[in-house]
Amino acid sequence: MSLSYNLAAIALAVGTAFATSASATTNVWDSQAPWGGATPVQYVEWNSFDSIEGDSTPEIGAGTISLTPPAAIQMGEGIYTLFNMPTITATLAGTAGVFDVYLRAAVQGNTLASEATLNGISATSVLAFTGAGSHGDEEELYWVWNNVVGTDLYTFQFKTAAPHVFIDQIALATVAAVPEPSTYAMLALGLGILGAASRLSRKQS
Ligand SMILES: [Ca+2]
Ligand SMILES: [Ca+2]
């Protein structure tokens, strides 16, 4: 077995958990999809940002993105935060079910804050790729929220960690969750408690 074969096997085994160093490509995900071979139930991707305020016409799927305050300039198909540190809000209409929900981003120059929220629930970023890009070093990051009960609207919020962030690509995905039987039991219990609480609050109001 050759050394290169072994390295390839190791690289395959560690998957996206480890960042690699290579040349970054704009408008291309250099890391493997964090949901592996699963086919997303919903998928939205932005590769070309319409304005420094956001974009309601993703290149794949349907969803919205807004930046508050707006980014400073448009640079090619991406947007660049020259001075400020906007909060980026992305929305996606949900469907019924239980999902692992992903937010994925590729940025160059400075990077994003490690915390992102989905409907107010926070998660910490996983670094999937680093490499030299045309607007500074690129990072591909993702966040995942497991076993999310599908709701009408998913609202993702995340921030730039510093000025000078070139936002290249953003994607949102929902993948059918395969929870353990015990998780289903806990979900049912949680929903039961929520139902009881809402009945109680309706009674009291
Ligand atoms: Ca890339
Ligand atoms: Ca667009």
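By convention here, each chain's residues receive numbers from 1 onward along its written sequence. For naming, the first written chain is A and the first written ligand is 1, with later ones following in the order written. pLDDT decides what is reported in this predicted model: residues at 70 or higher carry local features, side-chain atom pairs at 80 or more are listed and counted, and totals for whole chains, interfaces and linings draw on all residues regardless. For side-chain calculations, the full set of non-hydrogen atoms in the structure is used, while hydrogens and water are omitted.

In the nomenclature of an unreviewed UniProt entry, the protein corresponds to Ice-binding protein C-terminal domain-containing protein from the organism Methylobacillus flagellatus.

Some points on the coordination of the calcium ion (ligand 2)
For a metal bound by four donors in a tetrahedral arrangement, the ideal donor-metal-donor angle is 109.5 degrees, while six donors in an octahedral arrangement ideally sit at 90 or 180 degrees. Listed donors are limited to N, O and S atoms within 2.8 Å of the metal, widened to 3.2 Å for Na, K and Ca; water is not among them, so incomplete-looking sites are possible. Only Ser48 (O), Asp50 (OD), Asp55 (OD), Asp55 (OD), Thr57 (O) and Glu59 (OE) from the protein reach the calcium ion (ligand 2) as donors, at distances of 2.4 to 3.1 Å. By the criteria applied here, four donors are tetrahedral when all angles lie between 85 and 135 degrees, four are square planar and six octahedral when opposite donors are over 155 degrees apart and every other angle lies between 65 and 115, and any other arrangement is irregular. What the 6 donor atoms of the calcium ion (ligand 2) show is an angle range of 44 to 152 degrees at the metal, which sorts the shape as irregular. Classification of Asp55 by relative accessible area gives buried; the value is 3%. Judged by its relative accessible area of 37%, Glu59 falls in the partly exposed class. The rule is simple: take the accessible area with a 1.4 Å probe, protein chains only, and divide by the maximum for that residue type; under 20% is buried, over 50% is exposed, in between is partly exposed.

Structural notes on the packing of aromatic side chains
Between the rings of Phe, Tyr and Trp (Trp by its six-membered ring), a pair exists once the centres lie within 6.5 Å; its type follows the angle of the planes, with under 30 degrees stacked, over 60 edge-to-face, and the other angles tilted. All chains considered together, the criterion is met by 6 aromatic pairs. Aromatic side chains Trp35 and Tyr43 sit 5.8 Å apart centroid to centroid with 65 degrees between the ring planes, which places their arrangement in the edge-to-face category. Its relative accessible area of 23% is what places Tyr43 among the partly exposed residues. Taking 5.3 Å as the distance between ring centres and 65 degrees as the angle between the ring planes, the aromatic pair formed by Trp35 and Tyr102 counts as edge-to-face. Here Trp35 is found in the loop between strand 1 (21–23) and strand 2 (42–46), whereas its partner Tyr102 is found in strand 8 (residues 98–109), with 67 residues between them in sequence. Owing to a relative accessible area of 12%, Trp35 belongs among the buried residues under this scheme. Aromatic ring contacts, followed pair by pair, group Trp35, Tyr43, Tyr102 and Tyr142 into a single cluster. Lying across the ring of Trp29, Arg104 places its NZ or CZ 4.2 Å from the centre. Its end group placed over the ring of Trp35, Arg104 keeps NZ or CZ at 5.7 Å from the ring centre. Helix and strand assignments come from DSSP, with helices taken as H or I runs of at least 4 residues and strands as E runs of at least 2, each series counted from the N terminus. Comment: the charge-over-ring label is applied if NZ (Lys) or CZ (Arg) is within 6 Å of the ring centre and within 35 degrees of the ring normal.

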